[in-house]
Amino acid sequence: EKDRGLRIERSRVWTMEIKHNCKDGSTLWTEAKMGFLRDRCGEPVGYIGVSRDITDRRRQENALHQGRLLSIIGEMTSAIATEINNPVGGILLSSEQLMMGNLSHQAKKDLTMIHGEAKRVARMMSALLNSCNMAPPQMERYKLHRLLNKVLEIRKYGHETHNITVSTDFQKLPLYV
């Protein structure tokens, strides 16, 4: 056959991914590279293309994307649960202390309800933390003085209502746990 002088216009080659829905219900992904076929005068006379199956690559990319999303959701869930647990712990401690005081029947009943609901929230947050704990626990170092001061701050109201005075005399060097 004679040379018809056809050439591919390389500056205008485009790539696209195409999703094919198969009769069996599966999905096939292809990557097609297409370009115009031009004659000697530069007029388009058709197009030429190459297609290849990229279904496995798409599955791997989707699995990686899903893994990243699950990781992000797990981290966010853990952070939210931890932030909720902190004030709930304070509510539990305070309500326990208040229930030991000399209160009316209705006040004790109300505090018992508050305490029970706080325990329910704590159980839910604990279950949530356990469900998204994908990584092994990591050791962290905390200053004992700071932790003790935080506990005393949470207990401050209970101490004040029972006329309890707490004074601290921590050593100068920090202690770690």
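Undergrad: Can you help me understand the overall build of the protein in this one?
TA: Helix and strand counts for the protein come out as three helices and four strands. Of the regular secondary structure in the protein, the N- to C-terminal order runs β-β-β-β-α-α-α. Computed over the C-alpha atoms, the radius of gyration of the protein is 34 Å, more than 25% above the 16 Å expected from 2.2 N^0.38 for a compact globule of 177 residues. Judged by the C-alpha coordinates and their principal axes, the protein covers about 110 × 45 × 30 Å. For the protein, the proportion of its 177 residues judged to be buried stands at 18%. For the protein, the accessible area works out to roughly 14,300 Å², and carbon and sulfur atoms hold 56% of it. Looking at charge distribution, the protein has the averaged site of its 27 positive side-chain charges lying 2 Å from that of its 20 negative ones.

Undergrad: Even after reading the chapter, I still don't get the packing of aromatic side chains, so can you show me in this structure?
TA: Under the definition given, this model contains one aromatic pair. The ring of Trp 29 carries the charged tip of Arg 58 above its face, separated from the ring centre by 3.6 Å. Of note, Arg 141 hangs over the ring of Tyr 176, and the distance from its end group to the ring centre comes to 3.6 Å.

Undergrad: I keep staring at helix H2 (residues 105–131) and nothing clicks. Help me out?
TA: In an α-helix, one turn spans 3.6 residues, which is why side chains three or four residues apart end up on the same side. Look at H2: 39 Å from first C-alpha to last across 27 residues, which is about the 39 Å you get at 1.5 Å a residue. Within the sequence span of H2, burial applies to Leu 111, His 115, Ala 118 and Met 125. Residues of H2 that are buried sit in contact with helix H1 (55–99).

Quick notes on the rules
Residue numbering note: each chain is counted from 1, following its sequence as written. Local features in this predicted model are restricted to residues whose pLDDT is 70 or higher, and side-chain atom pairs enter the listing and the counts only when it is 80 or higher, whereas totals over whole chains, interfaces and linings include all residues. Excluding hydrogens and water, the side-chain values take into account all heavy atoms of the structure. A helix here means a DSSP run of H or I that spans at least four residues, while a strand means a run of E at least two residues long, and both kinds are numbered starting from the N terminus. Radius of gyration: over C-alpha atoms. The globule rule applied is 2.2 Å multiplied by the number of residues raised to the 0.38 power. Whether a residue is buried, partly exposed or exposed follows from its accessible area with a 1.4 Å probe, protein chains only, as a fraction of its type maximum: under 20%, in between, or over 50%, in that order. All accessible areas in this document rest on Shrake-Rupley with a 1.4 Å probe, and a residue is counted as covered only by the protein chains that are shown. When charges are counted, Lys and Arg are positive and Asp and Glu negative, with His and the chain ends excluded. Just so you know, the charge point we use is NZ for Lys, CZ for Arg, CG for Asp and CD for Glu. Whether two aromatic rings pair depends on their centres lying within 6.5 Å, for rings of Phe, Tyr and Trp, where Trp uses its six-membered ring; planes under 30 degrees apart make the pair stacked, over 60 edge-to-face, and the rest tilted. Note on criteria: charge over ring means Lys NZ or Arg CZ within 6 Å of the ring centre, with the direction from the centre no more than 35 degrees off the ring normal. Expected span of a helix: the number of residues minus one, times 1.5 Å. Only heavy atoms enter the contact rule, under which two residues are in contact if any of them lie within 4.5 Å.

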